[in-house]
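Results of the structural survey
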Amino acid sequence: MKVIVFDAMGVLYRYGDVQGRVLIPYLRAQGCAAPEEEIRAAYRSVTLGRTTTDEFWAALGLTARDEHYCREHELTAGTREALDELAGDGFELACLSNDAAAWSALLRRRFGLDRRIRRWFISSDLGARKPDPAPYEAVLGELGVPAEEVLFVDDRPVNLAPARSLGMPAVLFRSDDTGASPETGVGSMPELVAAVRSR
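Quick caveat, the model's predicted, so the values are computed rather than measured.

The subject of this paragraph is the nonpolar core. A general trend in soluble globular proteins is that nonpolar side chains are found buried together. Grouped together as the largest cluster of nonpolar side chains are 52 residues, with contacts concentrated most on F6, L12 and Y13. Among the nonpolar cores identified, the runner-up in size contains 18 residues, and L140, V145, L160 and L172 belong to it.

Here it is, written out as structure tokens:
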């Protein structure tokens, strides 16, 4: 194993259901009365790179507030320590996230993850979201490493399937939002480090 590719929401950051747990509550607190389906459609558009974050806020009746919104996210406990340990073990670290590039950049700078993870693959830049196979293929193409040497970590079983179909080993990280799954997975960053080291 040479590379570990992390999901962001629900792995590096606490909430996997970013729309239900972070974005929609934030919008409601800001006075946004748009129907939920309209919010979800706007979110899909901005995370596919079809609209900018400024256009996202405007579509929902708000002025641009990327930095204010990004303060709502929380880092998963032990993330920085786990990344430092795994980097110290010699792994290259990368991230594949369904997100808007502007939000992703703000979050990783805020939490100091840009100094720990070298490669960031964001859906709005790629024009495709997990579990579409295209983002995984793009990651493998850019990394230039055989799929069997790339470990993929995500909190949603549906997102693990495309990685495995391409030959990547995968680990389920059980976030608060993972839901029922027969797969055991890991439930914390120390467990993830132990699982990686046991492979």
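Additional details are given in the paragraphs that follow.
Another point: the pairing of strand β2 (residues 92-97). Of all 6 residues in β2, 5 are buried, a share of seventy percent or more. Inspection of the sheet shows β2 paired to strand β3 (residues 119-122) by 4 bridges, in the parallel sense. Note that in β3 the partner of L96 across the bridge is F121. Taken together, β2, helix α6 (residues 101-110) and β3 form a β-α-β motif whose crossover is right-handed.

Here we come to helix α10 (residues 189-197). What α10 keeps buried is the set M189, L192, V193, A195 and V196. Seen end-on, α10 carries its buried residues on one side only, within an arc spanning 165°. Buried residues along α10 sit in contact with β1 (3-6), α5 (79-88), β4 (150-154) and β5 (170-172).

Before going further, it helps to examine the environment of V3. Checked against the element boundaries, V3 lands in strand β1. Classification of V3 by relative accessible area gives buried; the value is 1%. Counting along the chain gives 144 residues from V3 to A147, while the straight-line C-alpha distance between them is 9.5 Å. In contact with V3, not counting residues within four places along its chain, are E92, A94, L143, V145, E149, V150 and L151.

A few words now on the pattern of salt bridges. Counting across every chain of the model gives 14 salt bridges. Residues R197 and E85 are paired through a salt bridge, measuring 3.3 Å at the closest nitrogen-oxygen approach. Pair noted here: R197 is in helix α10 and E85 is in helix α5, with a separation of 112 residues, a long-range link. Under the relative-accessibility criterion, R197 is labelled partly exposed at 46%. On the basis of relative accessible area, E85 is assigned to the partly exposed category, the value being 35%. Between E183 and R164 there is a salt bridge; the shortest N-O distance is 2.5 Å. Of this pair, E183 sits in the loop between β5 and α10 while R164 sits in helix α9 (residues 157-165), and the two are 19 residues apart along the sequence. Among the residues examined, E183 registers a relative accessible area of 24% and is labelled partly exposed. Taking the relative accessible area as the measure of exposure, R164 reaches 37% and is therefore partly exposed. Several salt bridges share partner residues, and in doing so they unite R14, R21, E74, D176 and D177 into one network.

Working definition: an aromatic ring pair is given by the centre-to-centre distance plus the angle between the planes. For the coordinates displayed, the defined rule picks out 10 aromatic pairs. Geometrically, the ring pair formed by Y43 and W103 is stacked, given 6.4 Å between the ring centres and 20° between the ring planes. A residue pair is termed long-range when its members are at least 10 positions apart, and Y43 in helix α2 (residues 36-47) and W103 in helix α6 qualify at 60 residues. In terms of burial, Y43 and W103 fall into one category: buried. For the pair F56 and W103, a centre-to-centre distance of 5.3 Å together with 85° between the ring planes defines the contact as edge-to-face. On the criterion of sequence distance, the pair formed by F56 in helix α3 (residues 53-59) and W103 in helix α6 is long-range, its members being 47 residues apart. Since its relative accessible area comes to 1%, F56 is described here as buried. Taking relative accessible area as the criterion, W103 reaches 1% and is therefore assigned buried. Members of the aromatic cluster, each reached through a chain of ring pairs, are Y26, Y43, F56, W57, Y69 and W103.

Cut-offs and rules
Residues numbered from 1 in each chain as written. Predicted model: local features only at pLDDT ≥ 70, side-chain atom pairs only at ≥ 80, totals over all residues. Heavy atoms only, no water. Core = buried A, V, L, I, M, F, W, Y, C linked by side-chain atoms within 4.5 Å. Buried < 20%, exposed > 50% of the residue type's maximum accessible area, 1.4 Å probe, protein only. Helix = DSSP H or I, 4+ residues; strand = E, 2+ residues; numbered from the N terminus. Pairing = 2+ DSSP bridges. Right-handed = clockwise from strand over helix to strand, strands pointing away. Arc of directions from axis to C-beta. Contact = heavy atoms within 4.5 Å. Salt bridge = Lys/Arg side-chain N within 4 Å of Asp/Glu carboxyl O. Phe/Tyr/Trp six-rings, centres within 6.5 Å; stacked < 30°, edge-to-face > 60°.

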